[in-house]
Amino acid sequence: MTILSRVGPQNRAISKVRANRRLCRWSLGLRGGLDHRGTTLRLLLLHNKTVKGGVIMKALFGLAIVLVMTSTALAAGKSVSYEVKGEPFEGCFVSPSPNAPLVLLVHDWDGLTDYQMKRANMLADMGYGVFAADLFGAGVRPTELKDKRQHTGALYKDRERMRTLLKGALDAAKAKGANVDNAVAVGYCFGGAAVLELARSGAELKGFVTFHGGLDTPPGQDYSAAKGTLLVLHGTADTSITMDQFAKLANELEEKGVSHEMVTYGGAPHAFTVFGSDRYREDADKKSWKRLAAFLAETLH
């Protein structure tokens, strides 16, 4: 929370308070800041000085509280419990305005964690609604490597289930009033591979973005049904998903006539956007985020 105060020529004291809430119950708290977005609470105190018998009397004659909500004011995110074929899942939805363009955000192999919530906050600050999908199940947030491999491996082996869960997340977003007709899907690592799966399914989204995600196309699949534009943001130094795979995907997309853009960042390894990790590369992270911002502005309306 940040507070500014000043006294003007007419003895007017103005205080501004802004508080941007972080999203959902697993990442509650206040973020400080005075950027141009967010909910603004203005307390206006008017003072009048009157001179009588040599004594200065101060009378408080006006107190106005004005709540100003801009069209991009950041709303507090809400945890969303939903079901897909009778199975429970728990995502998160935040929207700065009733009809904001939507980003379907797909998590990495850690499940839906504070990392995705931070990215969701960043997108909401830019004026986008965000539905953070859950592909593992309510309460499933693996921390052990073997568990992460188990949950992602099960979905890699069952691509129909992966598609069903992605569609279920979109349905849950729509049920919450999200603007799914003006939407882009964005995914990180495992989530990036899931986003490409969604693209191959023929989902009616305007764009699909992957950050250091899996790029291989499963046997028997192709991009002939893909709609919208694909944006692939990748690290040239990624040894988990190599530049050979990157080039192969480029050829596949070109062969099928799919609108696409593919960018690599020199020296960036796998997971180069993960804050605080030894693989984090600030330069590549900032450049790729800037490109995402431009892509969303170009693609959504």
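As the structure is a computational prediction, the values presented were derived from the model and not from experiment.

## Comments concerning the sheet that holds strand β13 (residues 229-235)
Right, so step 1: If you trace the eight strands from one edge of the open sheet to the other, you get β7-β8-β10-β9-β11-β12-β13-β14, paired in mixed fashion. Each end of this open sheet is capped by a strand with a single partner; those strands are β7 (78-84) and β14 (260-265). The sheet shows a mean angle of 20 degrees between the axes of neighbouring strands, direction not considered.
Right, so step 2: Relative to β13, strand β12 (residues 207-211) runs parallel, the two sharing five bridges. Residue pairing for β13: Val209 is matched across the bridge by Leu231.

## Topic: the packing of helix α3 (residues 159-175) against helix α4 (residues 190-200)
Right, so step 1: At a closest axis distance of 10 Å, the pairing of α3 and α4 adopts a crossing angle of 90 degrees. One way to sum up the angle between α3 and α4 is to call them roughly perpendicular. Facing Arg159, Met162, Arg163 and Leu166 of α3, the residues of α4 in contact are Phe190, Ala194, Glu197, Leu198 and Arg200.
Right, so step 2: Class assignment for the residues of the contact of α3 with α4 results in five nonpolar, no polar and four charged.

## Topic: the nonpolar core
Right, so step 1: The biggest cluster of nonpolar side chains holds 44 residues, and the ones touching the most others in it are Leu104, Phe131, Leu135 and Phe208.
Right, so step 2: Not counting the four nearest positions on each side in its chain, Phe208 is found in contact with Val184, Ala185, Val195, Leu198, Ala199, Ala203, Lys227, Thr229, Leu230 and Leu231.
Right, so step 3: Formed by 25 residues, the second largest nonpolar core is a distinct cluster that contains Leu105, Tyr115, Val130 and Tyr188.

Basis of the calculations
Residues numbered from 1 in each chain as written. Predicted model: local features only at pLDDT ≥ 70, side-chain atom pairs only at ≥ 80, totals over all residues. Heavy atoms only, no water. Pairing = 2+ DSSP bridges. Helix = DSSP H or I, 4+ residues; strand = E, 2+ residues; numbered from the N terminus. Axes fitted to C-alpha atoms, helices over the stretch in contact; angles between N-to-C directions. Parallel < 35°, antiparallel > 145°, perpendicular 65-115°, else oblique. Contact = heavy atoms within 4.5 Å. Nonpolar A, V, L, I, M, F, W, Y, C, P; charged D, E, K, R; others polar. Core = buried A, V, L, I, M, F, W, Y, C linked by side-chain atoms within 4.5 Å. Buried < 20%, exposed > 50% of the residue type's maximum accessible area, 1.4 Å probe, protein only.

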